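# Secondary and tertiary structure notes
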Amino acid sequence: MGQPELALSAFCPQPEVVRKQTLVERSKFPCIDAHNHISYWVTKQNDPAAIPRLLEIMDACNVRAMFDLRIESDRPIEELLDLYQPRERFYVLATIPFKQLMAESDEFGLAAARYLDEQFRRGAHGLKMYKSMGLTLRDRQGQLVHYDDDRLAPVFEVCARHNRPVLYHIADPTAFFKPLTPTNERWEELQGRPTWHFHGEPYPGFAELMEVQDRFVGKYPAVRFQSAHVCSYAENLAYVGGLLDRRANLYCDISARIGELGRVPRAAREFLIRYQDRLLFGTDVTPTAEQFGVHFRFLETDDEYFDYGTGPTPGQGRWCIYGVQLPDDVLRKIYSENARKLYGYR
Ligand SMILES: [Zn+2]
């Protein structure tokens, strides 16, 4: 009698272990979601009720303010600044149409700097740079343009002059850069999202991107940087700690990485406490009460082995996570004080 075959996609084990379940509806201290794309999640339908609805969720969850990192090629910043009321509840970051500028001229950095200068004058709170830099953006000779490319220097000079931080995203989970074999821990996710797979040509390797990150943050000591997603290397907190030690102008957000942090709760707790002055809360997901609640549960409780997604199966990978129960003074900093300090704003 052979065992029946079961497709991986049909396997949906429900943990039998009985554990404590804490519902955290409001963050213990006011928080700022310093990594979100409300242009994408909330306002793309052009629904005038979207912002009041979002404010209701924010008030219910104790979210003081939200960042809008926008999406590539979206609408003028003034429109967004007008839309997001009351103003003190929102931070809007500028984006630069690099693809277009790189196609137009080899002097794209100068054009980008002029464009950015204007965005700051119009009220942008910082600059957001996407992972397309270094992964897909190419100059007119067809060469990949990396963050440390000298031609981008004028952009960072504008940030230093206006004293505005740069929130950048440089890579993705390490597994996305590995072959799609049965040992790839994100196999299931990459099956559903083939465009997230960056293994081999024409993409750079993950290690190369990490070297670029270290170099470029060091190259502009007068600019303060917020590296998205635990410096894009939440799988290796020792590495991220070393990077933060080397680069005093570097901060990072924990957005979209509670799945990584929460599967190594002891190392994560140590990291979060050690770098408590350099870390920003963020989610990078649709702002809902459930999503905020999962993040608060991770940071505030000692709950064990819980699902960090809000769907039927964990969002990324098949593991569950553990809460890190941070001390109050650390929570205060990560939830909002560091974001205020970094952006010098409210
Ligand atoms: Zn994001």
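Heads up: the structure comes first, above all this text.
Each value, and the rule that gives it
Residues numbered from 1 in each chain as written. Predicted model: local features only at pLDDT ≥ 70, side-chain atom pairs only at ≥ 80, totals over all residues. Heavy atoms only, no water. Pairing = 2+ DSSP bridges. Helix = DSSP H or I, 4+ residues; strand = E, 2+ residues; numbered from the N terminus. Contact = heavy atoms within 4.5 Å. Axes fitted to C-alpha atoms, helices over the stretch in contact; angles between N-to-C directions. 1 Å grid on protein atoms, 1.4 Å probe; cavity = no way out; pocket = protein on both sides within 12 Å on 5 of 7 lines; lining within 4 Å. Points joined across faces, edges and corners; volume = space filled by probe spheres on them. Donors = N, O, S within 2.8 Å, 3.2 Å for Na, K, Ca; no water. Buried < 20%, exposed > 50% of the residue type's maximum accessible area, 1.4 Å probe, protein only. Expected span 1.5 Å × (residues − 1). Bend = angle between axes of the 7 residues up to and from the residue. Patch = residues over 30% accessible without salt bridge, like charges linked within 9 Å, V, L, I, M, F, W, Y side chains within 5 Å. Areas by Shrake-Rupley, 256 points an atom, 1.4 Å probe, with all protein chains shown as cover. Salt bridge = Lys/Arg side-chain N within 4 Å of Asp/Glu carboxyl O.

On to the sheet that holds strand β7 (residues 250-253), then. Spatial ordering of the open sheet is given by β1-β2-β3-β4-β5-β6-β7-β8, a layout of eight strands whose pairing is parallel. Of all the strands in the sheet, just β1 (31-33) and β8 (279-280) have a single pairing partner and so form its edges. Pairing analysis gives two bridges linking strand β3 (residues 90-94) to strand β4 (residues 126-129), with the strands arranged parallel. The residue bridging Leu 93 from the neighbouring strand is Gly 126, located in β4. On the sheet, helix α2 (residues 50-61) packs against β2 (63-68) and β3 and is oriented at approximately 135° with respect to β2.

A few words on the layout of surface pockets. Approximately 1,200 Å³ is the volume attributed to the largest pocket. As for the largest pocket, its lining consists of 38 residues, and the residues nearest its centre are Trp 41, Trp 196, Ala 256, Asp 284 and Gln 316. Elements supplying a minimum of two residues to the lining of the largest pocket: α1 (38-41), α6 (132-135), α12 (258-261) and α14 (289-300).

The next point concerns the coordination of the zinc ion. Surrounding the zinc ion are the protein donor atoms His 35 (NE2), His 37 (NE2) and Asp 284 (OD), which sit 2.1 to 2.4 Å from the metal. All donors of the zinc ion belong to a single chain; written as a sequence motif, their spacing is H-x1-H-x246-D. Linking His 35 in the loop between β1 and α1 with Asp 284 in the loop between β8 and α14, this pair joins segments that are 249 residues apart in sequence. For the pair His 35 and Asp 284, a shared accessibility class is recorded, and that class is buried.

For an α-helix, the turn length of 3.6 residues means that residues three or four places apart are oriented alike. Between its first and last C-alpha, helix α15 (residues 328-343) extends 22 Å over 16 residues, near the 22 Å set by a 1.5 Å rise per residue. Where α15 bends most, the angle comes to about 50°, and this point is Ile 334. In the stretch just after α15, Gly 344 is the one whose phi turns positive, near 55°.

Here the amide bond leading from Gln 85 into Pro 86 is cis, since omega sits at -5°, within 30 degrees of zero. Residue placement: Pro 86 occurs in the loop between α3 (77-83) and β3. Cis rather than trans, the peptide bond between Glu 201 and Pro 202 has omega equal to 0°. Structurally, Pro 202 is set in the loop between α8 (187-192) and α9 (206-219). The backbone of His 229 sits at a positive phi, close to 55°, despite the residue not being glycine. Since its relative accessible area comes to 3%, His 229 is described here as buried. Although it is not a glycine, Val 230 adopts a positive phi angle of roughly 50°. With respect to the helices, strands and loops of the structure, Val 230 is situated in helix α10 (residues 228-231).

Our focus in this paragraph is the pairing of β3. Among the five residues that make up β3, five are buried, leaving the element largely enclosed by the rest of the structure. Neither face of β3 is open: one carries Phe 90, Val 92 and Ala 94, the other Tyr 91 and Leu 93, and all of them are buried. Strand direction decides the pairing type here: β2 and β3, joined by three bridges, are parallel. When the sheet's bridge partners are listed, Asp 68 is paired in β3 with Val 92.

Side chains of Leu 6, Leu 8, Phe 11, Leu 180 and Trp 187 sit close together on the surface and give an oily, nonpolar patch of about 450 Å² of accessible area. Note on placement: Trp 187 falls in helix α8. For Trp 187, a relative accessible area of 31% gives the class partly exposed.

Shape is all these values report; function is a separate question.
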